[in-house]
Amino acid sequence: MADLYLGETVDPATHQRTGTKVVIPTGEFTTHGVIVGMTGSGKTGLGIVLIEEALRAGVPALLIDPKGDLGNLCLTFPNLSGTDFRPWINDGDATKAGLSPDDFATAQAKTWSDGLASWGLDGAAIGTMRSGAEFTIYTPGSTAGMAMNIVGSLNAPDDAGDLETMRDEIEGYVSGLLGLVGIEADPLSSREHILLSNLIETSWAAGKDLDLPTLVGQVQTPPIRKLGVFELDTFFPPNDRTALAMKLNGLLASPSFAAWAQGAPLDIGTLLRTADGKPRCAIVTTSHLSDEERQFVTALVLAKLVTWMRKQSGTTDLRALLYMDEVAGYVPPSAMPPTKKPIMTLMKQARAFGVGVVLSTQNPVDVDYKALSNAGTWMIGRLQTDRDKQRLLDGMSAAAGGVDVAAIGDTISGLSKREFVLRRASKDKPEIMTTRWAMSYLRGPLTRDQIEGLMAGHVAAAPTPGLDLPPYVVPGTQAPAHSMRSTEAPTGATGLGADETSVMPRIADGVAVRWVDPASPWLSAVGGDTRGTRLEPAVVARVRMRYDDDKADLVSDAEYEAVLFPLAATIDATRAIAVDYDDRDLREAAPDGAVYRLSDAPIDAKTTFTRVERDLIDHLVRSQTMEIPVNRDLKLFGRPGETPEAFTLRCSQAANDAADRDTAALRDKYAARVKKAQDALAAAHDRVDVLKSEHRGRRGEEIIGAAGSILGGLLGGKSRKGAGGILGSLGGLFGKHQRASTAGERVDAVENKVATLEQDLHDLEAEAATEIQQLSDAWDAKEAGITTVAVALERTDVSVSQLVLAWVPVA
């Protein structure tokens with residue numbers, strides 16, 4: 001475990017460095033970090049220093065750079081000479097400084113040299129960092145930097161058995177892709193999202209890679225028959241699928257989109273380390289992209305990172321660092337962009353795998369505080385608004401607990417540039433720190449030409465070929481993959497047995513007759529034979545079922561397909577085998593040379609089929625139920641087709657929303673009481689001040705009066721009244737003393753009252769904190785209370801929609 005040297009502590013009053021280094025072990029960043037500060041606070045500089053330190057410690061870094069500032073990490077000059085700085089200065093800054101560009105570059109070099117020296121660093125330290133890591137700027141959708149093949153990220157994962165990881169990656173890809181064509185897609189309800197996700201999962205489950213043109217082709221002619229319980233054409237009609245395919249094809253046909261399929265593959269392992277294990281600093285710049293394109297790229301990169309992460313072994317040290325510069329918009333409080341789920345997954349799970357996440361933002365109010373609350377290290381600079389500060393303090397309080405929020409809030413308000421409040425999980429109290437001088441030249445966002453110059457001659461993975469865009473397929477001109485079956489008929493027999501005939505036996509009137517395709521995928525499951533030359537009768541049925549439960553607010557239609565085979569003289573001896581078929585499995589014409597085996601079942605009687613239909617319905621009513629998850633505390637029921645993970649997430653969101661609502665109400669409840677206690681305490685403090693002033697006045701009056709009276713008595717001569725005058729003066733003095741003592745007692749009493757009020761306020765705040773924690777625990781318990789409920793069928797909710805006599809090929 002190495003140490004990251006970020007800067008020094010400062011005296012909050014004088015803002016001077018104290019000489020105490022701020023050093024954080026790499027392992028602490030497995031609990032993630034947050035950097036927050038307004039423009040000009042030094043937030044970006046702190047982030048770059050943190051990345052530099054990670055690279056110096058041998059930790060690879062993956063950077064998401066939507067503003068273009070992180071490319072400055074490539075501007076490191078061990079010689080610290082003006083000629084090295086000259087190509088990268090801003091000429092406008094030189095003009096403002098009243099210097100020529102060359103002189104300004106020399107001045108910048110000296111500034112950097114002196115700045116580094118003040119922190120015990122020099123050009124040699126820069127050279128060591130540069131030689132110890134490889135720096136690359138990737139520009140997806142552009143060839144300015146290193147191109148990255150984003151749309152080629154559909155290769156099947158090595159472990160398709162990890163369904164959760166695979167589906168998370170698919171969800172991120174599909175959400176981003178649909179966002180590019182202007183479709184806001186909910187993974188649970190959008191039919192576009194559901195179709196594309198199923199197409200990708202079907203291919204990956206079979207170990208088949210995909211590319212985007214193939215996926216677009218499958219939208220029009222999918223190699224699947226059903227989505228959920230509905231036939232594909234019912235769930236997503238062909239004309240609507242064609243419209244979706246046209247949108248996606250328009251994306252592919254755009255000349256500017258060709259760059260998305262060029263360059264290095266999106267492989268996290270390769271982005272983080274070279275073949276010989278050298279750490280990389282992979283800067284994925286998206287500043288040149290639209291908001292939708294940024295979401296697409298970022299969602300893909302993060303989804304791939306989650307997949308890579310889950311394949312790693314556990315560790316307590318930092319294996320890799322993910323840094324996101326300006327995360328606002330990627331993990332908002334209420335919306336659900338495609339980037340939010342992988343970010344939340346990383347914040348909750350990455351610690352176990354040694355992947356540290358550092359989120360940076362200048363607008364904490366636009367970031368989901370549940371993401372912020374998962375961070376163990378907080379670095380807070382100057383903030384723009386009180387609202388930003390309050391959101392940040394809410395997240396910090398939820399994360400650290402026991403934080404003196406008011407004190408930290410006051411400290412934040414007094415910060416100077418490049419000063420930060422550092423709150424670490426390993427320390428009880430926050431520190432005030434200033435960042436060390438960055439080794440990288442912080443010149444601001446890089447231009448396209450500057451990125452191109454930096455990456456010129458840079459060697460990366462061999463680029464993949466550009467997309468070979470196929471012409472758009474006219475509907476109906478390309479057969480679906482699953483319909484390309486053999487059309488050869490069973491070979492006819494040379495002789496007939498005693499129970500065989502070449503003429504089809506008579507079938508009851510009104511019963512449809514079909515012949516099962518020998519290439520049907522379910523044939524062997526029912527006991528048929530794809531090479532069979534004889535045909536035996538079976539009943540093929542499609543049944544519609546409706547699961548209806550008022551309490552669960554559930555009305556869900558499903559279909560059940562079954563083959564009853566072999567048919568027996570008594571229906572009880574017939575087996576019903578559930579299969580997945582459509583009409584393409586059943587031919588309407590008999591094969592050439594068909595040979596029929598006679599059955600003991602009376603297939604020429606209508607009553608046979610009536611009884612089959614009735615018995616099949618009775619069997620389904622007895623045996624079929626729909627299991628759905630339920631959370632009775634939250635009054636939530638699962639939806640048809642909803643995964644357990646999705647239902648759990650919905651329960652979590654409902655519980656979080658309720659907890660937030662109740663917490664807000666609780667805070668409102670205590671706000672008035674706290675305000676009243678604070679007002680009483682302030683009034684008591686004021687009363688103490690007044691009484692102390694009165695007490696001091698009476699003591700002074702007592703002393704002056706005593707001195708005057710005694711002197712007057714002594715100097716009054718030998719008059720007979722002299723002794724009486726002294727005694728009278730002493731009597732007056734005694735009265736003044738009594739009044740002064742009484743004033744002192746009143747001061748003591750009010751001071752005691754102040755102490756009591758302060759304790760009452762502390763107790764009130766502790767009571768509020770306890771109630772909030774109890775409330776949170778209660779909603780957590782409700783969130784976890786998930787069970788299942790079985791929804792049964794009623795006989796009136798089951799009907800046979802199709803029943804045919806089908807001839808099955810057998811050996």
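Placed above this text is the structure.
No experiment lies behind these values; they were computed from the predicted model shown.

Rules of the game
Residues numbered from 1 in each chain as written. Predicted model: local features only at pLDDT ≥ 70, side-chain atom pairs only at ≥ 80, totals over all residues. Heavy atoms only, no water. Salt bridge = Lys/Arg side-chain N within 4 Å of Asp/Glu carboxyl O. Helix = DSSP H or I, 4+ residues; strand = E, 2+ residues; numbered from the N terminus. Patch = residues over 30% accessible without salt bridge, like charges linked within 9 Å, V, L, I, M, F, W, Y side chains within 5 Å. Areas by Shrake-Rupley, 256 points an atom, 1.4 Å probe, with all protein chains shown as cover. Lys, Arg positive; Asp, Glu negative; His and termini not counted. Charge placed at Lys NZ, Arg CZ, Asp CG, Glu CD. Polar contact = N/O pair within 3.5 Å; in protein donor to acceptor, adjacent residues only side chain to side chain. Contact = heavy atoms within 4.5 Å. Expected span 1.5 Å × (residues − 1). Buried < 20%, exposed > 50% of the residue type's maximum accessible area, 1.4 Å probe, protein only.

Peer 1: Help me understand the pattern of salt bridges in this model?
Peer 2: Here the idea is simple: oppositely charged side chains can pair when their charged atoms come close. Overall, the coordinates contain 42 salt bridges when judged by the stated rule. One salt bridge in this structure joins K110 and D114, with 2.6 Å as the shortest N-O distance. Placement of the pair is K110 and D114 together in helix α4 (residues 101–117), with a separation of 4 residues, close to one helical turn. Between D585 and R225 there is a salt bridge, with the nearest N and O atoms lying 3.3 Å from each other. Highlighted residues: D585 in the loop between β20 (576–578) and β21 (586–587) and R225 in the loop between α8 (212–220) and β7 (226–227), separated in sequence by 360 residues.

Peer 1: Can you help me understand a negative patch on the surface in this one?
Peer 2: A grouping of D548, D550, D553 and E794 is seen on the molecular surface, where their side chains present a negatively charged patch. With respect to the helices and strands, the residue D550 is situated in the loop between β18 (534–549) and β19 (554–564).

Peer 1: How should I be thinking about the side chain of E561 in this particular structure?
Peer 2: With respect to the element layout, E561 can be found in strand β19. Side-chain polar atoms of E561 contact the side chain of K226, separated by 2.9 Å. The contacts of E561, once residues within four sequence positions are left out, are K226, E231, A541, R542, I577, A578, V579, D580 and Y581.

Peer 1: Help me out: how do you make sense of the environment of Q802 in this one?
Peer 2: If you trace the backbone, Q802 turns up in strand β26 (residues 798–810). For Q802 and V540, which are 262 residues apart along the polypeptide, the C-alpha to C-alpha distance reads 7.9 Å. Residues in contact with Q802, not counting those within four places in the same chain, are V540, A541, R542, Y581 and D583. At a separation of 2.7 Å, a polar atom in the side chain of Q802 contacts the side chain of R542.

Peer 1: What exactly am I supposed to notice about α4 here?
Peer 2: Every α-helix carries 3.6 residues per turn, so stepping three or four residues along brings you back to the same face. With 17 residues, α4 should cover 24 Å at 1.5 Å per step; its first-to-last C-alpha distance of 24 Å lies within 8% of that length. In this structure, the buried residues of α4 make contact with α2 (82–85), α3 (91–96) and α5 (123–132).

Peer 1: So what exactly am I meant to see when it comes to unusual backbone geometry here?
Peer 2: Excluding glycine, most residues fall at negative phi; most peptide bonds, likewise, are trans. With omega at -10°, the peptide bond leading from F565 into P566 counts as cis. The residue P566 is located in the loop between β19 and β20 in this model. One non-glycine residue, E326, adopts positive backbone phi at about 60°. When you line up the elements, E326 lands in the loop between β11 (320–325) and α13 (340–349). Even without being glycine, D553 reaches a positive phi, approximately 50°. Structurally, D553 can be placed in the loop between β18 and β19. Residue D553 is classed as exposed on the basis of its relative accessible area, which comes to 73%.

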